[in-house]
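# Observations on the model geometry
What follows is each chain in one-letter form.
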Amino acid sequence: MGSWMVMSLNCPRAAYKADHDDQKLIDELKYLMNKSVEVFRVKKKWMDHLLASNRIPFAAMTPRDPNTGEKGAIAVDFAALVYTIGVVGINEMVQYHTGKSMYESPDSFKFAIRIMYEMKLHAQRLSQENGIEIALARTPAETTAQRFAVSDLLHPEYAGKAENNMNGDVELTKKELGTTKDLPVYYTNGTHIPPGADISVIERINYEQTFFPIVDGGNILHIWLGEGTPDPDGLQEMAMHIAKNTATGYFAFTRDITICKDEGYVTSGIKDSCPKCGSENIDHLSRITGYLQSVDGWNAGKRQELVDRTRADPNNLKV
Ligand SMILES: [Zn+2]
């Protein structure tokens, strides 16, 4: 309950519109942020109305202290809630704009940082002008990462620009485009390096840590582990390195898990069958954005991301 609502921005589309012009890109992103504030204002007006007419009783209740019997503070401090603008696909935005991905060129990486600072400053300006607190964050994008990519492929004006500027199986997607929106393509979450980028985990940390001080929240650094049993000393050493020597505010080690539904046997990695009894009645678990979940419920874009993720060797995590 930290935020009233989140508006997610399709940053790659802003780059398609800007047509490689820096100022146009910045103007387009600011325009999208201004539009977001218009939506926030509608939301605020509506919520103020609901609160005034006591139509949100659960969140507005003032529970009694069980010891003193006195009424306590309101359950949800509505005045403290912020409005969040979340970015999606900063890497693909920069990739289209400059011709290189963030990790392929120092200039592209610097440009991403510059754009994020422009957006942060604009968020601060909008907060002051509108008297509401606006946070710039990474959208978790469980669905949006795929949805934005598919919408761009469906858009007559942007399809040609988008098809070489996204992750996943574009060829398969083009064949099935128009029959379903659940397709195996996606933009990269927030300010992340694409999950399939062929770089070491240390390089990934060095890129992604840079953005933590810029955004107000929602950011997470993922370390995807491969199969095998992680070396505890290596894990600890890497965790301490990230916490002490980088600007990373939040990070997660993730190991994929296969569970045999016949006997409950748990093993690491994404397996086609249970290595113990051979059953194909299995469930796969992994981290979708912040939390672990059964892969069954993921859309085709996120399932493609799971396949694409570059995994670190869990036995070789020492820094
Ligand atoms: Zn089994």
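Refer to the preceding data block for the structure.
Conventions we followed
Residues numbered from 1 in each chain as written. Predicted model: local features only at pLDDT ≥ 70, side-chain atom pairs only at ≥ 80, totals over all residues. Heavy atoms only, no water. Donors = N, O, S within 2.8 Å, 3.2 Å for Na, K, Ca; no water. Tetrahedral: all angles 85-135°; square planar, octahedral: opposite > 155°, others 65-115°. Buried < 20%, exposed > 50% of the residue type's maximum accessible area, 1.4 Å probe, protein only. Pairing = 2+ DSSP bridges. Helix = DSSP H or I, 4+ residues; strand = E, 2+ residues; numbered from the N terminus. Axes fitted to C-alpha atoms, helices over the stretch in contact; angles between N-to-C directions. Contact = heavy atoms within 4.5 Å. Parallel < 35°, antiparallel > 145°, perpendicular 65-115°, else oblique. Left-handed = near helix turned anticlockwise from the far one by under 90°. Nonpolar A, V, L, I, M, F, W, Y, C, P; charged D, E, K, R; others polar.

Time to look at the coordination of the zinc ion. By definition of the ideal shapes, a tetrahedral metal site with four donors has angles of 109.5 degrees and an octahedral site with six donors has angles of 90 or 180 degrees. Within the first shell, the zinc ion binds the protein through Cys260 (SG), Glu263 (OE), Cys274 (SG) and Cys277 (SG), at distances of 1.9 to 2.3 Å. In this structure, the zinc ion is coordinated by 4 donor atoms arranged in tetrahedral fashion, with angles at the metal of 99 to 123 degrees. In primary-sequence terms, the residues that donate to the zinc ion follow C-x2-E-x10-C-x2-C. The exposure class assigned to Cys274 is buried, which follows from its relative accessible area of 3%.

Let us now look at the sheet that holds strand β8 (residues 257-260). With antiparallel pairing, the 4 strands of this open sheet are ordered in space as β9-β8-β10-β11. Taken across any chain shown, the strands that pair with only one partner, and hence form the sheet edges, are β9 (266-268) and β11 (292-294). Averaged over neighbouring strand pairs, the angle between their axes works out to 25 degrees when direction is ignored. Judged from the 4 bridges that link them, β8 and strand β10 (residues 282-287) form a sheet pairing that is antiparallel. Within β10, the position partnered with Ile257 by the bridge is Leu285.

Despite not being glycine, Asp19 shows a phi value in the positive range, around 55 degrees. When you line up the elements, Asp19 lands in the loop between α1 (11-18) and α2 (22-52). With a phi close to 55 degrees, Asn54 is a non-glycine residue in the positive phi region. The residue Asn54 is located in the loop between α2 and α3 (57-60) in this model.

On to the pairing of strand β3 (residues 134-138). Across the 5 residues of β3, 5 count as buried, placing the element largely inside the fold. Residues of β3 alternate between two faces, with Ile134, Leu136 and Arg138 on one and Ala135 and Ala137 on the opposite face, all of them buried. As paired elements, strand β2 (residues 82-88) and β3 share 5 bridges and run parallel to each other. Residue Gly86 lies in a different strand from β3, and its bridge partner there is Ala137.

Quick look at the side chain of Ser36 now. Mapping Ser36 onto the fold places it in helix α2. When its relative accessible area of 1% is taken as the criterion, Ser36 is described as buried. When sequence neighbours within four positions are dropped, the list of residues in contact with Ser36 reads Met7, Leu9 and Ile85.

Between α1 and α2, the shortest axis-to-axis distance is 8 Å and the interhelical angle comes to 135 degrees. By the angle class used here, α1 and α2 are oblique. For α1 against α2, the interelement crossing comes out right-handed. Only Lys24, Leu25, Glu28, Leu29 and Leu32 of α2 make contact with α1, whose side of the interface consists of Cys11, Ala14, Ala15, Lys17 and Ala18. Classifying every residue of the contact of α1 with α2 by side-chain character gives 7 nonpolar, no polar and 3 charged.

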